[in-house]
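Here's the letter readout for the chains.
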Amino acid sequence: PNGTALEAALGAGRASVLKRLTPMPSTTTELANQLHLSPAAISAHLTRLKAAELIEPHRSGRRVFYRLSGAGESLLGIFGELEKPKTRAVPEPMP
C-alpha cells in the first residue's frame, strides 16, 4: 500500500493538515493555499482534528490560527512525522 501509517490512520487529507501545522500555526486560508485544497475542505478537516483534540484554535483579531495540541504532537511523534517547530508566535488579542 502507498502512503504513510499516519495517512492510513487519519486519511491523507487530515494527515496533510496535521503535518502542515508542525512547523508553525496556520490559518484556514494559509493551509488551503499551501495544500492546494479548498477552504471548505480544510475547514472540514480542521473540524474533525479539533473534535479529536489534535489541534487547538487561537483567535487573533478576526483571524483564527490553528496549532497542534499536546496530543497532536504526541501522535505525530509516534508516527515519526514530527518536525522541529519553527518560531511564529500567534499574536495575542488586544484588550
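See the structure above.
Residues numbered from 1 in each chain as written. Predicted model: local features only at pLDDT ≥ 70, side-chain atom pairs only at ≥ 80, totals over all residues. Heavy atoms only, no water.

Would you mind going over unusual backbone geometry with me for this structure?
Note: most peptide bonds trans; most residues except glycine with negative phi. The phi torsion at H36 lies on the positive side, around 55°, for a residue other than glycine. Inspection of the secondary structure assignment puts H36 in the loop between α3 (28-35) and α4 (39-51). The exposure class assigned to H36 is exposed, which follows from its relative accessible area of 71%. If you check the backbone angles, E53 has positive phi at about 60° while not being a glycine. One can find E53 in the loop between α4 and β1 (55-60). (Helix = DSSP H or I, 4+ residues; strand = E, 2+ residues; numbered from the N terminus. Buried < 20%, exposed > 50% of the residue type's maximum accessible area, 1.4 Å probe, protein only.)

What should I look at first to understand the pairing of strand β2 (residues 63-68) in this one?
Successive side chains on a regular strand alternate, one facing one side of the sheet and the next facing the other. By the bridge criterion, 6 bridges tie β1 to β2 in an arrangement that is antiparallel. Within β2, the position partnered with R59 by the bridge is V64. What sits between the antiparallel neighbours β1 and β2 is a turn of 2 residues, in which G61 has the positive phi angle 65°. (Pairing = 2+ DSSP bridges.)

Which parts of the structure should I look at to understand the environment of G11?
Within the element layout of this structure, G11 appears in the loop between α1 (5-10) and α2 (12-20). For G11, a relative accessible area of 25% translates into the label partly exposed. Residues G11 and H45, spaced 34 residues apart in sequence, show a C-alpha to C-alpha distance of 9.8 Å.

Explanation requested: the packing of α2 against α3 in the structure shown.
Two numbers describe a pair of packed helices, the interaxial angle and the distance between the axes. Look at α2 against α3: their axes get within 11 Å of each other, and the N-to-C directions meet at 115°. Between α2 and α3, the crossing angle belongs to the class labelled roughly perpendicular. Where α2 crosses over α3, the two elements pack in a sense that is right-handed. Mapping the contact onto sequence places S16, V17 and R20 in α2 and L31, Q34 and L35 in α3. Considering only residue class, the contact of α2 with α3 consists of 3 nonpolar, 2 polar and 1 charged. (Axes fitted to C-alpha atoms, helices over the stretch in contact; angles between N-to-C directions. Parallel < 35°, antiparallel > 145°, perpendicular 65-115°, else oblique. Left-handed = near helix turned anticlockwise from the far one by under 90°. Contact = heavy atoms within 4.5 Å. Nonpolar A, V, L, I, M, F, W, Y, C, P; charged D, E, K, R; others polar.)

What am I meant to see in the nonpolar core here?
Taken as a class, soluble globular proteins show a tendency for nonpolar side chains to be buried jointly. Counting residues in hydrophobic clusters, the biggest one holds 16 residues, and the most contacted among them are V17, L18, I42, L46 and I55. Elements represented by at least two residues in this core include exactly α2, α3, α4 and β2. Setting aside residues up to four positions removed in sequence, L18 forms contacts with L10, L49, L54, I55, L68, L75 and L76. (Core = buried A, V, L, I, M, F, W, Y, C linked by side-chain atoms within 4.5 Å.)

How should the pattern of salt bridges be read in this particular structure?
A side chain with one charge may pair with a side chain of the opposite charge, provided their charged atoms come close. Tallying each qualifying case throughout the model produces 2 salt bridges. Between E81 and K19 there is a salt bridge whose closest N-O contact spans 3.8 Å. One end of the pair, E81, is in the segment after α5 (70-78); the other, K19, is in helix α2, with 62 residues separating them in the sequence. The residue R63 makes a salt bridge to E30 at a minimum N-O spacing of 3.2 Å. In this pair, R63 sits in strand β2 while E30 sits in helix α3, placing the two residues 33 residues apart along the sequence. Overall, R63 belongs to the partly exposed group, its relative accessible area being 42%. (Salt bridge = Lys/Arg side-chain N within 4 Å of Asp/Glu carboxyl O.)

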